[in-house]
Amino acid sequence: MQEIKFTINGKDVTGGKGQTILEIALKNGFDIPYLCYHPKISKTGACRMCIVRVNEVMLKTACTEPAMEGMKVITEDEEIIKIRKGILELLLAEGDHNCLYCDANGACELQTLVHRYNIDQVAYEYPKRNREIDYESSEGLKRNENRCILCGRCVKACGEIQLSNVWSFTDRGGHTHLTSGLYEKIGDSSCVKCGACVQLCPTGSLSFQTVLGRGENWELTKESSICIYCGVGCKIDYYKNKEGLLVKTIGHDDGPNRGHLCVKGRFGFDFIQNGKRLSKPLIKRNGVFEEASWDEALDLVASKFIEIKDKYGPDSIAALSSAKCTNEENYLMQKIMRAVIGTNNVDHCARL
Amino acid sequence: MTNSIREVPLSEGFLVIGSNTTENHPVIGSMIMKEVINQGKKLIVVDPREIELSRYADYYFQIKPGTNIAILNGFMHVLIKEGIFNKEYVEKRCEGFEAMAKILEKYNPEFVAEICGIDNPEDIVKAARLMAQLKPMALYYAMGITQFVSGVNGVKSTANLQMLLGNLGIPGGGVNPLRGQNNVQGACDMGALNAVYPAYQPVASEENKEKFEKAWGVSGLPTKPGLTIVEMFNAAVAGNLKAVYEMGENPVMSDPNQHHVIEALEALNFFVVQDIFFTETAQYADVVLPACSFLEKEGTVTNTERRIQPMHRVLPPWGDARDDWWITMQIANRMGAQWDYKKPEDIFEEIRMVTPSYAGITYERVEKELIQWPCPAKDHPGTQYLHKEKFSRGLGLLTGIDYTPPAEETDTDYPVILTTGRILEHFHTGTMTRNSKILDEIVPEGFVEIHPNDAKIYNITDGEVISISSRRGSIRIRARVTDRSKPNVVFIPFHFFEAAANELTIDALDPTCKIPEYKVCSCKIEKIYL
Ligand code: SF4
Ligand code: SF4
Ligand code: SF4
């Protein structure tokens, strides 16, 4: 890529030819606000929050404007602030943005910008257009379109990342709104509940069924791991609340999945905190399982293995290892069979 | 996979055979769909069932289950006959061409169409011509290639085709098996297999024996390969196998011929189950040990593209559950070993010493780098795609492979073909997904897909509970009338214990790698009259 040099707020920056002002600015740590832009989808240039001043006169949307050699970019001045405030006020006025009862409270990009630009109670009257609220039809997704800012990220998430093309815009002007499938309920559409649209939605318009009543966003903590299901090995951030209950998952950008997940990785985590989990060693006595201590159980296993090995030879014992366990665990399983018991009778379900 | 997931955009086209990618490996499925739908890349799909990808395919072949090799031979026949294969590549990098070409001679499109039960032989020619133009084309497959008595040969055939097209050892090409479980790749790499140590070093080798005796500080390591899963159960029934130590598997649900598995488990003197749930298998155990779930443990896993990734402890252990590695170590030590691993990283450090392909990988590196094995040294970046300049054996071996029919063919008693698989919302034996509220709500119960023609013949309506039986068992299951499969072929997902497909499937094995033939057996459909 050909290198170009220009300045942002008077500071020299370099970028590649063809990159937009926004891409280069974000990479260099400049904070330009945006709502419809998202690095994972194609550019929209609709919300106009990212306008910047180019060469002292023109106002351009940084997310669509290619950076040019020698350009002078100013990311914020009085006029820009005024415009951004105006946009935010309109967005607030258009919907039902009462954060008190919104799942996105504390993790909402609109809310963050409203705070940043110090927007007060909006003077316009909320038009109450009554767009779709649907908390029921889908097992995975909740939708409250009165919080929608028509940024279009969900449309592109579904059309460019998941490729199920569920969302589209319909009607015009002030009546524009989202629709799923052919005017179906989201639960009746071809949605496969991958959650990509929710993950990209900047507001609480789309949210997961798993989050309600499980704590405020700022109370959640996260840690990354790898999905337990298929061999793609998606990297996932698992969020839990103060009580340690798993709340939601977000696809991690660094994994092979590049942030995307399927329905299993997205929602298939609560089995872990299901009351049916085994929590104590069990020993069968006279046909009935009884709880036992670890020492008791482990001693019994070891002594039985020794007894059977002595009586029938090492090849009378076998192990089934697991494609759901880690490398370290599989390694030890084949090691115990070979080095301690003395047999190669070890296999797992690669074949199944 | 010979190649990497991030190479999907580099392919000019895709051949997807025996993989319902958008349901079983959905994230890769979406990546392929994006190239095909949004970028206009080419797609050829071979699958007995209409799948999401087949809707967007340039050519779709709805073959009879178990006839993959025939159609792959058909493509290669055309490539050779028309002289449009990659001659330069074959000359420079392969051997065995002449012998293979000879075997392929009889696989003309009409002959192949007959075997595969398809009525578009001219499309075989067109698809082969298209493949020759796609530089590069990536081939993706999954269990729809391997779960047959001819599974190993099926895999070889995919490699033959890709070599003929010059698509091995280049970015965006490759033979890409999609692994069904999150760490199948790693479990194999670690030697959790009956005939090999870590990194596929054969146990039947004095040199390897000595190497591991030294590394482990033991003597007398066995050189005789052990039993595979299905062989284990046979040995148990025969009285030769007395004890089984099972970690995180559910063979009663996952193995073919369920009755036989149960018979085997009941015949054992001692059976230990180490798992997170009291599974269908656990009830046959003498001791059940509670293990940590994946979010309660640390360690590494290796995905389908050979990439090693770290898992972190998200939650504390459930109840009195313990790490699987800790439990195994405790048993070993109580049998006289003196293992002293304090944490998974200690084990990984030992893995590095005995596993050449992992030698350069450390916990520190996997936290911040994308590393795929082979990675022989700490300053080695890992390997994005295999067979770059040459194959591990030097020249790539082209082998002619004849089509052989499945072990059980339909007859008058069992006239219908049964094939099994997974669906998007559930996983394997259902232990995890069926205990996940949302996934269970989406698809709460099992079903059998049956073609409208068959539904008519047997007087069955959509949603009706019917009986499906094979020589091995019989189940009751709800019918889903759909034309996704051809008439006389039924499909059952195997996640549901109340209607377990594996009560029906056959335990015939591939002679080389012992994979059971899940994907095809014969059955009969019966209406239940109340
Ligand atoms: S959940 Fe996935 S499939 Fe469903 S609408 Fe959102 S992006 Fe599309
Ligand atoms: S639902 Fe969310 S992502 Fe979609 S247009 Fe509305 S605000 Fe944007
Ligand atoms: S999220 Fe889906 S595609 Fe990704 S690893 Fe898990 S099961 Fe596979």
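Counting restarts for each chain, with residues numbered from 1 along the sequence as it is written. Lettering for chains starts from A, numbering for ligands starts from 1, and both go in the order in which the items are written. Only residues with pLDDT of at least 70 are given local features in this predicted model, and only at 80 or more are side-chain atom pairs given and counted; all residues enter the totals for whole chains, interfaces and linings. Side-chain figures throughout are based on the complete set of non-hydrogen atoms in the structure, without hydrogens or water.

What to know about the overall build of chain B
Phase 1 of the analysis: Only runs of H or I of at least four residues qualify as helices and only runs of E of at least two qualify as strands under DSSP, and these elements are numbered from the N terminus. Scanning chain B from N- to C-terminus turns up 19 helices and 20 strands.
Phase 2 of the analysis: Compactness check: chain B gives a C-alpha radius of gyration of 24 Å against a globular reference of 24 Å for 530 residues, within 12% of the reference.
Phase 3 of the analysis: Projecting the C-alpha coordinates of chain B onto the three principal axes gives extents of approximately 65 × 65 × 45 Å.
Phase 4 of the analysis: In chain B, buried positions account for 66% of the 530 residues.
Phase 5 of the analysis: On chain B, roughly 18900 Å² of surface is accessible, and the fraction owed to carbon and sulfur atoms is 51%.
Phase 6 of the analysis: Charged-residue counts in this description rest on Lys and Arg as positive and Asp and Glu as negative, His and the chain ends being excluded. Lys charges are placed at NZ, Arg charges at CZ, Asp charges at CG and Glu charges at CD. Positive and negative charge centroids in chain B, built from 53 and 69 side chains respectively, lie 4 Å apart. Here the globule rule reads 2.2 Å times residues to the power 0.38, and the radius of gyration is calculated from C-alpha atoms. Residue burial is assigned from relative accessible area. The probe radius is 1.4 Å, only protein chains are included, and a residue is buried under 20% of its type maximum, exposed over 50%, and partly exposed in between. In short, Shrake-Rupley with a 1.4 Å probe defines the accessible areas, and a residue's cover is counted only from the protein chains shown.

Concerning the layout of surface pockets
All names here are of chain A.
Phase 1 of the analysis: Both site types are read off a 1 Å grid over the protein atoms alone. A 1.4 Å probe that fits but cannot get out defines a cavity, while an open set with protein on both sides within 12 Å along at least five of seven lines defines a pocket; lining residues have an atom within 4 Å of a point. Grid points are joined across faces, edges and corners, and a volume is the space filled by probe spheres set on the points. Looking at the second largest pocket, its volume works out to about 940 Å³.
Phase 2 of the analysis: Taken together, 39 residues line the second largest pocket, and the ones lying closest to its centre are Ala107, Gln199, Asn217, Lys248 and Ile250.
Phase 3 of the analysis: Residue assignment for the lining of the second largest pocket shows that the elements contributing at least two residues are helix H5 (196–200), strand E10 (206–208), strand E12 (235–240) and strand E13 (246–251).
Phase 4 of the analysis: Residues are sorted three ways: Asp, Glu, Lys and Arg are charged, Ala, Val, Leu, Ile, Met, Phe, Trp, Tyr, Cys and Pro are nonpolar, and all the rest, Gly among them, are polar. For the lining of the second largest pocket, the residue count by class is 19 nonpolar, 11 polar and 9 charged.
Phase 5 of the analysis: Boundary definitions for the domains trace back to an automatic or database domain assignment. When residues of the lining of the second largest pocket are assigned to domains, at least three map to each of domain 1 (3–76) and domain 2 (219–277).

Side note on the sheet that holds E13(A)
All names here are of chain A.
Phase 1 of the analysis: Read across the sheet, 3 strands follow the order E11-E12-E13 without closing on themselves; strand pairing throughout is antiparallel. Both edges of this open sheet fall to strand E11 (221–226) and E13, since each of them pairs with a single strand only. Sheet twist, expressed as the average angle between the axes of neighbouring strands with direction ignored, equals 30 degrees.
Phase 2 of the analysis: Any two strands with at least two DSSP bridges between them are considered paired. When E12 meets E13, the two strands line up antiparallel, connected through 5 bridges. Of the residues in E13, the one forming a bridge with Tyr239 is Lys248. Only C-alpha atoms enter the line fits that serve as axes; for helices the fit covers just the stretch in contact. Angles between N-to-C directions range over 0 to 180 degrees.

Structural notes on the pairing of strand E11 (residues 287–290) of chain B
All names here are of chain B.
Phase 1 of the analysis: Covered by surrounding structure in E11 are Val287 and Leu289 together with Val288 and Pro290, the residues of both alternating faces.
Phase 2 of the analysis: The pairing of strand E10 (residues 270–275) with E11 spans 4 bridges and is classified as parallel. Looking at the pairing, Gln274 lines up with Leu289 of E11.

Considering the site of ligand 1
All names here are of chain A.
Phase 1 of the analysis: The nearness test applies per residue and asks whether one of its heavy atoms lies within 4 Å of the molecule or strand. If you check the shell around ligand 1, you find 13 residues, and the closest are Cys158, Cys191, Cys194, Gly195 and Cys197.
Phase 2 of the analysis: Secondary-structure elements contributing two or more residues to the shell around ligand 1 are helix H4 (153–162) and H5.
Phase 3 of the analysis: Considering only residue class, the shell around ligand 1 consists of 9 nonpolar, 3 polar and 1 charged.

A word on the domain arrangement of chain A
Buried accessible area, meaning the area lost when the parts come together, often serves as the stated size of an interface.
Phase 1 of the analysis: Annotation of chain A at the domain level lists domain 1 (3–76), domain 2 (219–277) and domain 3 (283–348).
Phase 2 of the analysis: The C-alpha centroid of domain 2 of chain A is placed 34 Å from the C-alpha centroid of domain 1 of chain A.

Observations regarding the pattern of salt bridges
Side chains that carry opposite charge are capable of pairing whenever their charged atoms lie near each other.
Phase 1 of the analysis: Any carboxyl oxygen of Asp or Glu that lies within 4 Å of a side-chain nitrogen of Lys or Arg is treated as forming a salt bridge with it. Scanning all chains against the criterion turns up 49 salt bridges over all chains.
Phase 2 of the analysis: A salt bridge links Lys335(A) to Glu350(B); the shortest N-O distance between them is 2.8 Å. One end of the pair, Lys335(A), is in helix H8 (residues 327–341); the other, Glu350(B), is in helix H16 (residues 344–354), on a second chain.
Phase 3 of the analysis: Looking at Glu350(B), the relative accessible area reads 17%, which means it is buried.
Phase 4 of the analysis: Salt-bridge contacts for Asp324(B) lead to Lys297(B); the nearest nitrogen and oxygen are separated by 3.0 Å. Placement of Asp324(B) in helix H15 (residues 324–334) and of Lys297(B) in the loop between E11 and strand E12 (299–302) is noted, with a sequence separation of 27 residues between them. Residue Asp324(B) shares its accessibility class with Lys297(B), and that shared class is buried.
Phase 5 of the analysis: Each of Asp31(A), Glu76(A), Arg84(A) and Arg116(A) takes part in salt bridges that share partners, so that together they form one network.

Focus: the site of ligand 3
Phase 1 of the analysis: Ligand 3 sits among Cys227(A), Tyr229(A), Cys230(A), Gly233(A), Cys234(A), Leu261(A), Cys262(A), Lys264(A), Gly265(A), Pro26(B) and Val27(B).
Phase 2 of the analysis: Ligand 3 sits at the junction of chains A and B, each of which supplies nearby residues.
Phase 3 of the analysis: Listing elements by their share of the shell around ligand 3, those giving two or more residues are helix H6 (263–267) of chain A together with helix H2 (26–39) of chain B.

Focus on empty space enclosed by the protein
Empty pockets left among the atoms are what a rolling probe the size of a water molecule brings to light.
Residues and elements named next belong to chain B.
Phase 1 of the analysis: If you walk through the whole model with that rule in mind, you get 9 cavities of 30 Å³ or more.
Phase 2 of the analysis: For the largest cavity, the calculated volume is near 420 Å³.
Phase 3 of the analysis: Looking at the largest cavity, it is lined by 29 residues, and the ones nearest its centre are Met143, Gly144, Thr420, Gly421 and Lys519.
Phase 4 of the analysis: The set of elements that each furnish at least two residues to the lining of the largest cavity consists of helix H8 (143–146) and strand E15 (416–421).
Phase 5 of the analysis: Sorting elements by how many residues they give to the lining of the largest cavity places E15 first, with 3 residues.
Phase 6 of the analysis: For the lining of the largest cavity, the class distribution of residues is 9 nonpolar, 16 polar and 4 charged.

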